[in-house]
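One-letter residues, chain by chain:
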Amino acid sequence: MDKEDTCYNIAYQMKTSRSSQAVILAVANLYLRQQIIFERINV
């Protein structure tokens, strides 16, 4: 990631990343073990 990464292009950056599968697996495991919570923030 660098200065040009934003909330608008981060999904594309993740799709094209070599480590995306490992990151998704790690986040999914944290979520399933209830160690992280996702919340929507309205601005």
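The structure we're discussing is the one just above.
A. Looking closely at unusual backbone geometry. Notably, glutamine 34 is not glycine yet its phi reads approximately 55°, a positive angle. By relative accessible area, glutamine 34 is classed as exposed at 71%.

B. Structural detail: the environment of alanine 22. By secondary structure assignment, the location of alanine 22 is in helix 2 (residues 20-32). For alanine 22, a relative accessible area of 53% translates into the label exposed. Separated by 14 residues in sequence, alanine 22 and isoleucine 36 place their C-alpha atoms 17 Å apart.

C. Highlighting a nonpolar patch on the surface. A contiguous nonpolar patch, built from Val23, Val27, Tyr31, Leu32 and Phe38 and spanning about 510 Å² of accessible area, is present on the exposed surface. Looking at the element boundaries, valine 23 is found in helix 2. Look at valine 23 and you get partly exposed, because its relative accessible area is 36%.

D. Focus on the packing of aromatic side chains. Going through the model one piece at a time under the given rule, you end up with one aromatic pair. Both rings, one in tyrosine 31 and one in phenylalanine 38, keep their centres 5.6 Å apart while their planes meet at 35°; by these two values the pair is tilted. Overall, phenylalanine 38 belongs to the exposed group, its relative accessible area being 55%.

E. Highlighting the side chain of serine 20. Within the secondary structure, serine 20 sits in helix 2. Setting aside chain neighbours within four positions, we find serine 20 in contact with Met14 and Lys15.

Rules used throughout
- Residues numbered from 1 in each chain as written.
- Predicted model: local features only at pLDDT ≥ 70, side-chain atom pairs only at ≥ 80, totals over all residues.
- Heavy atoms only, no water.
- Buried < 20%, exposed > 50% of the residue type's maximum accessible area, 1.4 Å probe, protein only.
- Helix = DSSP H or I, 4+ residues; strand = E, 2+ residues; numbered from the N terminus.
- Patch = residues over 30% accessible without salt bridge, like charges linked within 9 Å, V, L, I, M, F, W, Y side chains within 5 Å.
- Areas by Shrake-Rupley, 256 points an atom, 1.4 Å probe, with all protein chains shown as cover.
- Salt bridge = Lys/Arg side-chain N within 4 Å of Asp/Glu carboxyl O.
- Phe/Tyr/Trp six-rings, centres within 6.5 Å; stacked < 30°, edge-to-face > 60°.
- Contact = heavy atoms within 4.5 Å.

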